[in-house]
2 protein chains.
Amino acid sequence: MSSYQEILQNNNLKATHQRIAILEAIDHAGHIDVDKLFKNLRKHFPTLALGTMYRNLSEMSDKHILLEVTLPGQKVKYELKKEPHIHLVCNWCGKIEDRILDIEDKIKECEEENDFTVLDSNIVFTGLCKKCQDQKKV
Amino acid sequence: MSSYQEILQNNNLKATHQRIAILEAIDHAGHIDVDKLFKNLRKHFPTLALGTMYRNLSEMSDKHILLEVTLPGQKVKYELKKEPHIHLVCNWCGKIEDRILDIEDKIKECEEENDFTVLDSNIVFTGLCKKCQDQKKV
DNA sequence: ACTTAAATAGGAATTATTCCTATTTAAAAA
DNA sequence: TTTTTAAATAGGAATAATTCCTATTTAAGT
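I will try to describe carefully the structure that is included in this document. (Residues numbered from 1 in each chain as written. Chains lettered and ligands numbered in written order. Predicted model: local features only at pLDDT ≥ 70, side-chain atom pairs only at ≥ 80, totals over all residues. Heavy atoms only, no water.)

Here we come to the nonpolar core. In terms of nonpolar packing, the biggest core is built from 28 residues, with Ile86 and Phe125 of chain A together with Ile86 and Phe125 of chain B touching the most fellow members. Those residues in contact with Ile86 of chain B that lie beyond four places of it in its chain are Cys110 of chain A together with Glu97, Asp98, Arg99, Leu101, Ile123 and Phe125 of chain B. If you look at the next biggest cluster of nonpolar residues, it comprises 23 residues, including Leu8, Phe45, Leu48 and Leu66 of chain B. (Core = buried A, V, L, I, M, F, W, Y, C linked by side-chain atoms within 4.5 Å. Buried < 20%, exposed > 50% of the residue type's maximum accessible area, 1.4 Å probe, protein only. Contact = heavy atoms within 4.5 Å.)

It is worth spelling out the relation of the copies chain A and chain B at this point. Mapping chain A onto chain B leaves a residual RMSD of 0.0 Å; the transformation is a rotation of 180 degrees accompanied by 0.0 Å of translation along its axis. Expressed as an axis order, the relation between the two copies is that of a two-fold axis. Measuring from the rotation axis to each C-alpha of chain A, the shortest distance belongs to Ile123 of chain A, at 2.3 Å. Most of the interface of chain A is mirrored in chain B: 100% of its interface residues are interface residues there too. (Least-squares fit on C-alpha atoms with pLDDT ≥ 70 in both.)

Turning our attention to the protein's contact with DNA strand C. Around DNA strand C sit 20 residues, and of these Gln9 and Tyr54 of chain A together with Gln18, Thr52 and Arg55 of chain B come closest. If you look at DNA strand C and keep only atoms within 4 Å of the protein, 76% of those are sugar or phosphate atoms. Between DNA strand C and Gln9 of chain A, the relevant distance is 2.7 Å, taken from a phosphate oxygen to a side-chain nitrogen or oxygen of the residue. In this structure, Thr52 of chain B approaches DNA strand C through a side-chain N or O atom, which is 2.6 Å from a phosphate oxygen. If you list the elements that add at least two residues to the surface near DNA strand C, you get helix H4 (50-62) of chain A together with helix H2 (17-29) and helix H4 (50-62) of chain B. A class-by-class count of the residues in the surface near DNA strand C yields 6 nonpolar, 8 polar and 6 charged. (Near = heavy atom within 4 Å. Polar contact = N/O pair within 3.5 Å; in protein donor to acceptor, adjacent residues only side chain to side chain. Helix = DSSP H or I, 4+ residues; strand = E, 2+ residues; numbered from the N terminus. Nonpolar A, V, L, I, M, F, W, Y, C, P; charged D, E, K, R; others polar.)

With 37 residues of chain A at the contact, the number on the chain B side is 37 residues. Both faces combined, the contact of chain A with chain B buries some 3100 Å², and carbon together with sulfur accounts for 60% of it. Considering only the side of chain A, the residues that lose the most area to chain B are Lys106, Phe116 and Phe125 of chain A, jointly responsible for 21% of the buried surface there. Between the two partners, chain A and chain B, sit 2 salt bridges. Where chain A packs against chain B, one counts 23 residue pairs in polar contact (both at pLDDT 80 or more). Mapped by element, the contributors of at least two residues to the side of chain A that touches chain B are strand S4 (86-90), helix H5 (104-114), strand S6 (117-128) and helix H6 (130-137) of chain A. Grouping the constituent residues of the side of chain A that touches chain B by class yields 18 nonpolar, 10 polar and 9 charged. When S6 of chain A meets strand S6 (residues 117-128) of chain B, the two strands line up antiparallel, connected through 11 bridges. Across the sheet, Phe125 of chain A pairs through a bridge with Ser121 of chain B, a residue of S6 of chain B. (Buried area = accessible area lost by both parts, 1.4 Å probe. Salt bridge = Lys/Arg side-chain N within 4 Å of Asp/Glu carboxyl O. Pairing = 2+ DSSP bridges.)

Bringing the sheet that holds S6 of chain B into the picture now. Here 6 strands make up an open sheet; going across it, the order is S5(A)-S4(A)-S6(A)-S6(B)-S4(B)-S5(B) and the pairing mixed. Among the strands making up the open sheet, the edge pair consists of strand S5 (96-99) of chain A together with strand S5 (96-99) of chain B. If you compare each strand with its neighbour and ignore which way they point, the axes differ by 25 degrees on average. Of the pairings in the sheet, the one linking strand S4 (residues 86-90) of chain B to S6 of chain B comprises 4 bridges and is parallel in character. Each residue of the ladder has a partner; that of Leu88 of chain B, found in S6 of chain B, is Phe125 of chain B. Here helix H5 (residues 104-114) of chain B sits on the sheet and contacts S4, S5 and S6 of chain A together with S6 of chain B; the angle it forms with S6 of chain B, its principal contact strand, is near 125 degrees. (Axes fitted to C-alpha atoms, helices over the stretch in contact; angles between N-to-C directions.)

Under the defined criterion, the tally for this structure stands at 0 disulfides over all chains. Of the cysteine sulfurs around Cys90 of chain A, a residue in no disulfide, the closest is that of Cys132 of chain A, at 3.7 Å. Since its relative accessible area comes to 2%, Cys90 of chain A is described here as buried. Free cysteine Cys129 of chain B: the closest other cysteine sulfur is in Cys132 of chain B, separated by 3.8 Å. Using a relative accessible area of 3% as the deciding quantity, one classes Cys129 of chain B as buried. (Disulfide = S-S within 2.5 Å.)

Next comes the structure, spelled out in structure tokens:
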């Protein structure tokens, strides 16, 4: 369990207030896009520059501290990189949930059949979450 | 096997030269982003407007004629919607390949464990294609 | 051919992202 | 603790991406 400060320093990045605030805000939100993030941070950090946001989101993604979550027709969202997981996205309420799903067998299958070395995977299932299933029944 | 004209008309879209050219170009390229598509089409279609491109890519995606392929750190790419498939993306040469992979069991598993109704899936494996594996050995 | 609703071209307006540089700051050294 | 310095930031300009507007054109039904 390492602090944001440690995470940054382990990646040769100075632990600036701005970076720590960005990581805190992303961790708190779960998945968040540039605009929402910027508006949230500005409240407590009025001088934060948009360029600083873009630069840091990009740097921290390059260093695998953050992960970009891309969904068709939506702005890129950022999340803290933790254990590998898939995303469940509700078409109705838009909520994004993280779930663990073991897909080692599928990766093996894919590698053997295609002469392809899989290094990473990105899986999104879209559909209806519990709450929205229930509401649509009513 | 239906023509572009039929596909468009079945979706209540007029079969304009522009739309047919866009579909042809995407089909030919496999996966292509707005800029490359526009530059290609302009060669044979000098009056094509960028707004027309954006409008049509968006409309045809809404109608599920096209599919947006989103990969972190890259521009959105478009492909013709055909049978469901996953994407293999080579980290080294960037090539995107389509592959069939049966994941019904994983979807079932995910639905049962999470009270989530899966309607669609989007799977990307990134790694090294055959050609690039070989080249890195040398 | 005629009609008409839909689509386009072209460009303006808006939004998103990157770039530039003087100033500030984190953190290592003294 | 102060000093030093390379790295990072703020602020704004520049560029790129996308959407919007409207007069004109066109697909396709009559």
